[in-house]
Structures are given as C-alpha cells and as structure tokens.
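Notes for the structure review
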Amino acid sequence: RVGWDSVPRTIRMGTLARAFNAFNAVSVSDLRTLARARVPKFAYDYLAGGADDEVSLRRPGFDAYEFHPMTCRGVHEVSTRTTFLGHKNVECIFGAPTAGHALWAPREGETATARACAETSSASRVFALSTLGTRSPREISQHVPELKHKMFQVYVWKDRELMRDVLAHAKAAGFTSIALTTDLTWFGNRERDLRNGFSIPPVHSLQTTLAAAARPRWTYDFLTSPKIEYAMIRELRGGGASPRAIADFATDAFDATFSWKDAEWFRTQWDGPIAMKGILRPDDARRALDTGYDAVWVTSHGARQLDTAVPPIDVLSSIRKAVGEDAQVIYDGGVMRGTDVVKAIALGANAVGVGKAYLYGLAATGDAEGVKMCFDLLTAETHRAMGLLGVSSVRELRDFGLDLVRSRRRHSASSDI
C-alpha cells in the first residue's frame with residue numbers, strides 16, 4: 001500500500017478538497033454531483049444507469065404519493081429502529097447489496113461500506129454484501145471485525161455446487177441472513193455499459209483510458225490498488241478474472257431455468273433467515289412465504305432490468321395486504337430522500353434498502369466517509385419527516401400507514417366523482 005507521504009502533492013490536495021466538498025453536501029443529490037466529478041464515465045454510468053430508455057429510472061413513483069400529517073401529537077423524539085431477517089433493533093435504512101464497490105473506491109471496495117455501517121450509532125446498521133462484491137465475506141470479517149449485522153446476497157447460479165460453497169463461505173464469515181436475488185436470471189439491456197465498453201475488471205481500451213485520464217485522483221487509487229475482480233469467485237474457484245462484459249458474464253453464470261421448485265430447494269440450503277429478492281406481485285409474495293422464505297423483498301433491481309416495469313412503490317401496499325401485517329417486507333427502489341423512506345414504511349415496509357444513494361456517497365469520496373454522509377443525511381431526513389407527520393417510531397408509522405400517505409392519483413380521481 002502506498003504511504004500518504006509518497007502520494008504526489010497535487011493528488012493529496014485534491015483528496016482533501018473532495019473530502020471538504022463531501023462534508024458540505026446537504027443531500028444525496030449533492031453526493032451524486034460529486035461522484036460524477038470524481039470517477040470515470042464508465043464507472044459513473046454503471047452506477048447511475050438503468051435499462052433500455054431508462055423510463056423506470058426517471059419515474060421511481062414517490063411523487064405520486066403525498067403526506068397527510070397529524071398535528072398536536074407531542075412528538076419530541078423519533079426512533080428509526082426496526083427488526084428484520086433476524087437483525088434486531090437496527091436502523092430501518094440499510095445498504096442494499098450492490099456489486100463492484102472497488103469501481104468507486106479502488107483502495108477499500110466493500111470494506112469502506114462495511115466500515116460505514118459498523119460506525120453507525122450503536123453499530124446498528126445492516127451491511128449487505130453482494131456475491132459479486134470486490135471483497136469477500138472473509139475479507140469483510142477480517143478487516144471490519146466490529147461489524148455486527150451482516151447479510152449476504154446470492155444469485156441463482158447454474159453451478160449448484162458453487163451456490164452451496166458461497167453459502168458455506170458466508171456462514172463461516174459470520175453472515176447470518178441471506179437474500180436470494182431472483183430477478184436477474186435474464187440480464188437487462190444496459191445501454192450505457194454497452195456504449196462505454198464496460199467490463200469487470202475494466203478493460204484498458206482507448207475509450208476507458210481516456211475516461212480514466214480525465215479523473216486523475218480515481219486513476220491514482222486504481223493503479224495503486226488490488227485488481228478489481230469478483231472476490232468470492234476468486235477465492236472459491238481460484239485464479240484471476242479476465243475482462244468480460246458483465247452481460248456476458250451473467251448470461252453464462254446465472255440460471256434462466258430457475259423455478260419455484262429450485263427456490264424451494266435453495267431454502268433447504270440455509271438454516272437461517274432468508275428473503276426472496278425481486279418481488280413485484282402479491283401472488284409471488286404469498287408464494288415465497290408459503291415456500292418457506294422469511295421475508296419478501298419488493299424491488300425492480302434499481303430499474304436496471306425491465307424498463308417500464310411497475311414502480312415498486314406502487315405495488316408495496318398491495319403486497320403488504322396480500323401477505324398480512326405479521327410478514328416481513330423489505331423495500332428498495334428509487335430512494336433518494338428520507339421522505340421516500342417514510343412513504344415506503346407507511347405503505348408496508350419493515351425496512352428500506354438504498355443502493356444508488358450510498359454508492360454516490362462512496363464514489364464522492366472513495367472511502368467510508370461518503371457512505372456515512374449518505375446514511376446520516378437520509379436518517380436525519382427520515383427523523384424530520386416522521387416528526388412532522390406526528391409519529392415517533394417505525395411501528396407507529398406502520399400502524400397509521402395509509403392514513404398518513406395517500407396516492408395523489410387515487411385521491412384526485414375520487415374528488416372528481
């Protein structure tokens with residue numbers, strides 16, 4: 001590892017300047033602006049992009065819901081703690097599993113994100129690691145031993161033995177809950193990646209070289225850090241990965257024939273809490289619970305798979321109604337504000353994952369500070385919105401639910417009658 005004193009002065013000053021800018025960010029949107037200025041275009045577009053024409057990406061759906069606040073409630077303290085997937089009394093906002101953190105933080109990768117979660121007040125934020133992370137479960141546990149709440153995400157691999165090995169590896173590293181991603185058996189058409197010639201590891205083409213040259217601080221970190229590759233696959237199967245378009249990798253590795261029978265088999269492979277991730281229909285949610293899954297995860301994979309699919313927020317309340325009040329429902333999709341978190345909980349979520357938001361923080365600074373900044377901003381906004389609504393806890397917000405958050409479309413239609 002290169003010592004700080006040996007880093008060229010211009011890069012040291014740039015690092016301090018970007019940290020100063022990040023600390024002055026007052027919203028996730030600010031972090032997104034800083035991220036775009038720090039990382040190469042191919043890395044930014046992989047983070048910020050969606051599928052096809054990115055219609056779903058531009059319409060996350062939260063604007064279709066409005067608050068109907070209560071007054072004279074005497075709320076002077078707010079708690080955003082919840083319980084899900086065996087993680088008790090944790091923050092309701094957590095980082096959803098996302099691949100390739102070393103693209104935005106070459107020196108630390110997912111270790112930076114894990115550190116940010118561990119440094120939350122009382123270390124109460126869940127950290128979720130992707131199978132396609134650039135740091136393995138073993139590395140996370142080794143470098144962030146203080147991390148208390150660890151979730152691991154698994155894809156539906158064609159190689160069933162690999163799936164078993166992945167689960168064993170995660171368990172050995174102290175991960176206690178699993179999210180099975182079922183909406184990536186086919187790979188979405190991500191045209192930004194195609195135009196950028198994006199691959200893992202990044203290929204050294206003229207296009208990517210020019211993009212990297214325009215971001216010297218990131219490039220210095222990249223050139224003086226370990227090779228970017230899928231860490232768990234490296235540890236389990238050995239050898240380094242050659243550059244491949246991620247769409248080609250997914251097509252070869254993931255099982256498009258995965259069925260409910262396979263989902264039932266997978267449930268028997270893990271003796272702890274499991275969520276099925278990729279639910280957008282009430283009937284699928286009920287079937288997942290009937291199959292033995294402990295939670296359903298409502299998501300459209302960050303609008304990166306099927307463009308113009310229904311916004312997850314629009315189906316959340318119907319899924320909650322279908323599974324009942326006692327079932328565990330996790331939500332992610334388009335969350336950029338604390339008000340988005342509050343709407344998701346009011347409409348039925350027990351916990352809310354964010355993806356792009358905290359990755360903007362990671363990309364803005366290249367370390368844990370940007371991730372912490374994102375979580376701090378979202379948590380403060382969530383506290384404020386709950387106080388203004390007149391509720392003091394996640395439980396109370398869920399109890400009042402649809403009385404506090406209503407659909408503008410439905411309300412307008414009923415008013416016209």
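It should be emphasised that the depicted structure is a prediction, and the values quoted were computed from it without experimental measurement. (Residues numbered from 1 in each chain as written. Predicted model: local features only at pLDDT ≥ 70, side-chain atom pairs only at ≥ 80, totals over all residues. Heavy atoms only, no water.)

**Some words on the packing of aromatic side chains**
Counted according to the given criterion, the structure contains 14 aromatic pairs. Measuring from centroid to centroid gives 5.0 Å for W218 and F222, while their planes differ by 10 degrees, and the two rings are stacked. Of this pair, W218 and F222 both sit in helix α10 (residues 216-223), four residues apart, which is roughly one turn of the helix. You'll find W218 and F222 in the same group, each marked buried. Joined through ring pairs, the aromatic side chains of F42, W218 and F222 make up one cluster. Its end group placed over the ring of W297, K277 keeps NZ or CZ at 5.4 Å from the ring centre. Geometry around F67 places K343 over its ring, the cationic atom sitting 5.3 Å from the centre. (Phe/Tyr/Trp six-rings, centres within 6.5 Å; stacked < 30°, edge-to-face > 60°. Helix = DSSP H or I, 4+ residues; strand = E, 2+ residues; numbered from the N terminus. Buried < 20%, exposed > 50% of the residue type's maximum accessible area, 1.4 Å probe, protein only. Lys NZ or Arg CZ within 6 Å of the ring centre and 35° of its normal.)

**Examining the nonpolar core**
The biggest cluster of nonpolar side chains holds 115 residues, and the ones touching the most others in it are W104, W157 and Y331. The dominant element in this core, judged by the number of residues it contributes, is helix α18 (residues 368-389), at ten residues. Listed in part, the 14 residues of the second largest apolar core include F94, A128, M151 and I330. (Core = buried A, V, L, I, M, F, W, Y, C linked by side-chain atoms within 4.5 Å.)

**A short note on the pairing of strand β7 (residues 177-181)**
Of all the five residues making up β7, five are buried; the element is thus mostly covered by neighbouring parts of the structure. Across the two faces of β7 the burial is the same, with S177, A179 and T181 and I178 and L180 all buried. Sheet analysis places strand β6 (residues 150-154) next to β7, joined by four bridges and oriented parallel. From the neighbouring strand, V154 faces β7, where its bridge partner is L180. Bridge count for β7 against strand β8 (residues 274-279) is four bridges, and the pairing is parallel. Pairing of A179 across the sheet is with A275, part of β8. (Pairing = 2+ DSSP bridges.)

**Here we look at unusual backbone geometry**
A positive phi is found at A303, a non-glycine position, where the angle reads about 60 degrees. Note that A303 resides in the loop between β9 (295-298) and α15 (312-323).

**Regarding the packing of helix α2 (residues 28-38) against helix α17 (residues 356-365)**
For any two helices packed against each other, one specifies the inter-axial angle together with the distance between the axes. Close contact between α2 and α17 brings their axes to 7 Å; oriented N to C, the two are set at 45 degrees. If you check the angle between α2 and α17, you find them oblique. With respect to the hand of their crossing, α2 and α17 are arranged in left-handed fashion. Between α2 and α17, the residues in contact are V28, L31, R32, L34, A35 and R38 and A357, Y360, G361, L362, A363, A364 and T365, respectively. In terms of residue class, the contact of α2 with α17 is built from nine nonpolar, two polar and two charged. (Axes fitted to C-alpha atoms, helices over the stretch in contact; angles between N-to-C directions. Parallel < 35°, antiparallel > 145°, perpendicular 65-115°, else oblique. Left-handed = near helix turned anticlockwise from the far one by under 90°. Contact = heavy atoms within 4.5 Å. Nonpolar A, V, L, I, M, F, W, Y, C, P; charged D, E, K, R; others polar.)

**Describing the side chain of D183**
Residue position: D183 is located in the loop between β7 and α8 (191-196). K277 provides the closest opposite charge to the buried, salt-bridge-free D183, at an N-O distance of 5.2 Å. A polar contact is formed between the side chain of D183 and the side chain of H301, at a distance of 3.0 Å. Sequence-distant contacts of D183, that is, excluding residues within four places in its chain, are made with K277, G278, T299, S300, H301 and Q305. (Lys, Arg positive; Asp, Glu negative; His and termini not counted. Salt bridge = Lys/Arg side-chain N within 4 Å of Asp/Glu carboxyl O. Polar contact = N/O pair within 3.5 Å; in protein donor to acceptor, adjacent residues only side chain to side chain.)

**A closer look at the pairing of β9**
The two faces of the sheet receive side chains in turn, since in a regular strand these alternate between them. Burial of the side chains of β9 extends over both faces: A295 and W297 are buried on one face and V296 and V298 on the other. With four bridges connecting them, β8 and β9 associate as parallel partners. For M276, the partnering residue across the bridge sits in β9 and is V296. Taken together, β8, helix α14 (residues 282-290) and β9 form a β-α-β motif whose crossover is right-handed. (Right-handed = clockwise from strand over helix to strand, strands pointing away.)

**Thoughts on the environment of H143**
Structurally, H143 is set in helix α6 (residues 137-143). A relative accessible area of 43% means that H143 is categorised as partly exposed. For the pair H143 and A114, spaced 29 residues apart in sequence, the C-alpha to C-alpha distance is 9.2 Å. Once residues within four sequence positions are removed from consideration, H143 is found in contact with T111 and R115.

**Notes on helix α7 (residues 160-172)**
Here α7 is 13 residues long and its end C-alpha atoms lie 19 Å apart, about the 18 Å a rise of 1.5 Å per residue gives. Those residues of α7 that sit buried are R160, L162, M163, V166, L167, H169 and A170. Buried residues belonging to α7 abut α6, β6, β7, α11 (231-237) and α13 (260-267). For α7, the capping residue at the N-terminal end is D159, with a side-chain oxygen 3.1 Å from the backbone nitrogen of E161. Positive backbone phi, approximately 90 degrees, marks G174, located one or two places after α7. (Expected span 1.5 Å × (residues − 1).)

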